[in-house]
Structures are given as C-alpha cells and as structure tokens.
Amino acid sequence: MTQKTFLTIASFIACTVGLVATLFPAMLLASKGTSPNEATDVWMTEVGILLLALGITNFMVRAHEKSDTLKALFLGNIIIQIGLFLIEFIAYQNGIITLLSGVAPNLTLHILLAIGFYYYLRKM
C-alpha cells in the first residue's frame, strides 16, 4: 500500500468517526456501554472535532514527499493511536466501557493505524 493510499484510508476513518462523535456523541458513547450525560457529550463532541481536523490534515498531506514536517505528523498520529488504545483499554478493564463490542474494533483499529504510521515514519 502506498503512503497516499494509507493516509487516504486513515483520513477517511478519522473523519467518519469524528463526524459521528460530533453529531451523535450520546449514541457513540451508548454503543460502548457507557452512561452518556451532558458533560460526556461535550467531551465527545470536542474529540469529534479534533478527529475531523486530524482527518482533514492527513488527507491534505497524503501526497507530500518525505520531510521533517511529515515525520512530525506521523509521530503525532502514532502518539494519538497509542494514547487512544490505552485509554479505551483501561476504561474497559475498569468497567467504564462495558461492551466488548464497543471497544474491540477500536482497539484493533488503533493498533493497525499505529503500525501503519510507524511503518511510513520508518520509511523516511
């Protein structure tokens, strides 16, 4: 897979999840088995906006040549994926996220995306 294809897929995922989180925060939280409230809806909406911004950024640089800036973006994406993985895993372990079906796909996706960003970072 080319870097351009990978970043296109990664940006589509980020924008899709970001849009759902922004427009339907309570639904997204409920799908994980949590108890949404006004405060969690606000934070989920904020996360959604951040994911939209990340997806748009990744899409806009998908065809860029190797550079220090692209390295920094890939490293930032790796940190995001590892951080989100750890947060969701710990939340599931602590019973905050109660549905395995609400966390297993995300954990898998975070691992795959982190590996992809690491792969392209190492290629530079």
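Throughout this document, residue positions are counted from 1 along each chain, in the order its sequence is written. Per-residue local features are limited, in this predicted model, to residues with pLDDT of at least 70; the limit for side-chain atom pairs, both in listing and counting, is 80 or more; totals at the level of whole chains, interfaces and linings are taken over all residues. Side-chain measures were taken over the full set of non-hydrogen atoms in the model, leaving aside hydrogen atoms and water.

A. The side chain of T22, seen in detail. Helix and strand labels come from DSSP, where a helix needs a run of H or I of at least four residues and a strand needs a run of E of at least two; each type is numbered from the N terminus. Checked against the element boundaries, T22 lands in helix α1 (residues 3–23). The contact definition used throughout considers only heavy atoms, calling two residues in contact when any of these lie within 4.5 Å. Residues contacting T22, with those up to four places away along its chain left out, are T45, G48, I49 and L52.

B. Quick look at the environment of L73. Inspection of the secondary structure puts L73 in helix α4 (residues 68–93). Relative accessibility decides the category of a residue: with a 1.4 Å probe and only protein chains considered, values under 20% of the type maximum give buried, values over 50% give exposed, and everything between is partly exposed. When its relative accessible area of 18% is taken as the criterion, L73 is described as buried. The sequence separation of L73 and N58 amounts to 15 residues, and the corresponding C-alpha distance is 8.2 Å. In contact with L73, not counting residues within four places along its chain, are T57, N58 and V61.

C. Layout of the environment of M44. Its location among the elements puts M44 in helix α3 (residues 38–60). Between the alpha carbons of M44 and T8 there is a distance of 24 Å; along the sequence they are 36 residues apart. The contact partners of M44, leaving out residues within four places of it in the chain, are A21, P25, L28 and L29.

D. Quick look at the packing of α3 against α4. Note on geometry: axes are lines fitted to C-alpha atoms, helical ones only across the stretch in contact, with angles between N-to-C directions running from 0 to 180 degrees. Running from N to C, α3 and α4 cross one another at 145°; their axes reach a closest spacing of 12 Å. Between α3 and α4 lies a crossing whose hand is left-handed. Contacts between α3 and α4 involve L54, T57 and N58 from the former and L73, N77 and I80 from the latter. Definitions for this section: a left-handed crossing has its near helix turned counterclockwise from the far helix by less than a right angle. A right-handed crossing has that turn clockwise.

E. Focus on the pattern of salt bridges. Salt bridge, as used here, is a side-chain nitrogen of Lys or Arg placed within 4 Å of a carboxyl oxygen of Asp or Glu. Overall, the coordinates contain one salt bridge when judged by the stated rule. Between E88 and K32 there is a salt bridge whose closest N-O contact spans 3.3 Å. Pair noted here: E88 is in helix α4 and K32 is in the loop between α2 (25–31) and α3, with a separation of 56 residues, a long-range link. Residue E88 is classed as buried on the basis of its relative accessible area, which comes to 13%.

F. Highlighting the packing of aromatic side chains. Any Phe, Tyr or Trp ring, taking Trp's six-membered ring, that has another such ring centre within 6.5 Å forms a pair; planes under 30 degrees apart are called stacked, those over 60 apart edge-to-face, and the others tilted. For the structure shown, the criterion picks out five aromatic pairs. Plain terms: the ring middles of F6 and F117 are 4.8 Å apart, the flat faces sit at 75° to each other, and that makes the pair edge-to-face. Pair noted here: F6 is in helix α1 and F117 is in helix α5 (residues 104–122), with a separation of 111 residues, a long-range link. Each member of the pair, F6 as well as F117, is classed as buried. Members of the aromatic cluster, joined through ring pairs, are F6, F74, F117, Y119 and Y120. Of note, R62 hangs over the ring of F59, and the distance from its end group to the ring centre comes to 3.6 Å. Placement of a positive charge over a ring is assigned whenever Lys NZ or Arg CZ falls within 6 Å of the ring centre and within 35 degrees of the normal to the ring plane.

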